[in-house]
Amino acid sequence: MSDPAAARVAAMPRTIALVGLMGAGKSHIGRRLAALLDRPFFDSDAEVERAAALSVRDIFETLGEPAFRDGERKVIARLIDGPPCVLATGGGAFVNADTRAALMARALCVWLRADLDLLVFRTEGRTTRPLLMQGDPRAILGDLMEKRYPVYAEAHVTVDTRNEPSETTTARVLAAIDAYWQTQDRTDR
Ligand code: S3P
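The rules behind these values
- Residues numbered from 1 in each chain as written.
- Predicted model: local features only at pLDDT ≥ 70, side-chain atom pairs only at ≥ 80, totals over all residues.
- Heavy atoms only, no water.
- Near = heavy atom within 4 Å.
- Polar contact = N/O pair within 3.5 Å; in protein donor to acceptor, adjacent residues only side chain to side chain.
- Areas by Shrake-Rupley, 256 points an atom, 1.4 Å probe, with all protein chains shown as cover.
- 1 Å grid on protein atoms, 1.4 Å probe; cavity = no way out; pocket = protein on both sides within 12 Å on 5 of 7 lines; lining within 4 Å.
- Sits in = over half its atoms within 2 Å of the grid points.
- Helix = DSSP H or I, 4+ residues; strand = E, 2+ residues; numbered from the N terminus.
- Nonpolar A, V, L, I, M, F, W, Y, C, P; charged D, E, K, R; others polar.
- Core = buried A, V, L, I, M, F, W, Y, C linked by side-chain atoms within 4.5 Å.
- Buried < 20%, exposed > 50% of the residue type's maximum accessible area, 1.4 Å probe, protein only.
- Contact = heavy atoms within 4.5 Å.
- Pairing = 2+ DSSP bridges.
- Axes fitted to C-alpha atoms, helices over the stretch in contact; angles between N-to-C directions.
- Phe/Tyr/Trp six-rings, centres within 6.5 Å; stacked < 30°, edge-to-face > 60°.
- Salt bridge = Lys/Arg side-chain N within 4 Å of Asp/Glu carboxyl O.
- Parallel < 35°, antiparallel > 145°, perpendicular 65-115°, else oblique.

Draft legend 1. Broad picture of the site of the ligand. As a structural note, the neighbourhood of the ligand is formed by 14 residues, with Lys26, Asp45, Arg69, Arg129 and Arg148 the closest of them. Between the ligand and Arg129 there is a distance of 2.6 Å, counted from an oxygen atom to a side-chain nitrogen or oxygen. In isolation the ligand offers 390 Å² of accessible surface; the protein chains occlude 96% of this area. Judged by the proximity of its atoms to the pocket grid, the ligand belongs to the largest pocket. Counting residues per element, the shell around the ligand draws most heavily on helix 5 (residues 65-80), at three residues. Considering only residue class, the shell around the ligand consists of five nonpolar, three polar and six charged.

Draft legend 2. Local environment of the nonpolar core. By size, the foremost hydrophobic cluster in this structure holds 55 residues, and its most contacted members are Ile16, Leu103, Val110 and Ile177. At seven residues, helix 8 (residues 137-152) tops the list of elements feeding residues into this core. Sequence-distant contacts of Val110, that is, excluding residues within four places in its chain, are made with Ile16, Ala17, Leu18, Val19, Ala155, Val157, Val159, Val173 and Ile177.

Draft legend 3. Here's a closer look at the sheet that holds strand 5 (residues 157-160). With parallel pairing, the five strands of this open sheet are ordered in space as 2-3-1-4-5. Of all strands in the sheet, those with a lone pairing partner are strand 2 (41-43) and strand 5, marking the two edges. Strand after strand, the sheet turns through a mean of 25° between neighbouring axes, direction not considered. For strand 4 (residues 107-113) and strand 5, the ladder comprises four bridges, and the chain directions are parallel. Within strand 5, the position partnered with Val110 by the bridge is Val157. Those strands touched by helix 3 (residues 44-52) are strand 2 and strand 3 (86-88), and its axis lies near 70° from that of strand 2.

Draft legend 4. Main features of the packing of aromatic side chains. Inspection of the entire model under this criterion finds four aromatic pairs. Measuring from centroid to centroid gives 5.1 Å for Phe60 and Phe68, while their planes differ by 40°, and the two rings are tilted. For Phe68, a relative accessible area of 3% gives the class buried. The interplanar angle of 45° and the centroid separation of 5.9 Å between the aromatic rings of Trp111 and Tyr152 together place this pair among those described as tilted. Pair noted here: Trp111 is in strand 4 and Tyr152 is in helix 8, with a separation of 41 residues, a long-range link.

Draft legend 5. Up close: the side chain of Thr15. When you line up the elements, Thr15 lands in strand 1 (residues 15-19). Engagement of the side chain of Thr15 in a polar contact is seen with the backbone nitrogen of Cys85, the distance being 3.0 Å.

Draft legend 6. Main features of the pattern of salt bridges. In this structure the tally under the stated criterion is 16 salt bridges. A salt bridge links Arg162 to Glu164, with the nearest nitrogen and oxygen atoms 3.6 Å apart.

Draft legend 7. How the structure looks around the packing of helix 3 against helix 5. Running from N to C, helix 3 and helix 5 cross one another at 110°; their axes reach a closest spacing of 9 Å. Comparing their axes, helix 5 and helix 3 come out roughly perpendicular. Residues Ser44, Asp45, Glu47 and Val48 of helix 3 form the contact with helix 5, whose own contacting residues are Phe68, Gly71, Glu72, Val75, Ile76, Arg78 and Leu79. Taken together, the residues of the contact of helix 3 with helix 5 break down into five nonpolar, two polar and four charged.

In structure tokens, the structure reads:
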């Protein structure tokens, strides 16, 4: 690995968990980051879908949101027990107190913070997110921002995402993780 920051972060014995609202780019950036670090990539939504053999939308419709949340909690608990990876979490995962505590203790949590216009733009026209199909997506996202941003703010690292090439965001995420990790007391690793 020629980039020293990437080499340091790759050697970090912790999973990197990306948290934040729908449309923040957790899966997209997570996949790129994993490739850069030569780590496996997981997406908690995809893992829940695989376990249930149903799409997120169908799980919400047929089994209900609590069943989805339960699956999400189990999938994340399993993944953070495994070898270090990059994990894109569903937007509601970090809001669950147990999941958040587990992620904060075992993973390095990165909040991808985005403004409302960007989230609306990035989620527009998609039909895969049941929460955004229950009314006006802008109003729903605005409401979720109000409720969830103080919780996401507990993540170890915050990175603002903008409408910029994903390599640029990925590089900023990497630099922020590297800077954070270098401030950590080695005995606490
Ligand atoms: C949700 C976010 C979605 C998915 C589900 C619920 C949420 O994931 O887990 O639709 O509560 O914010 P993404 O954040 O990956 O879109």
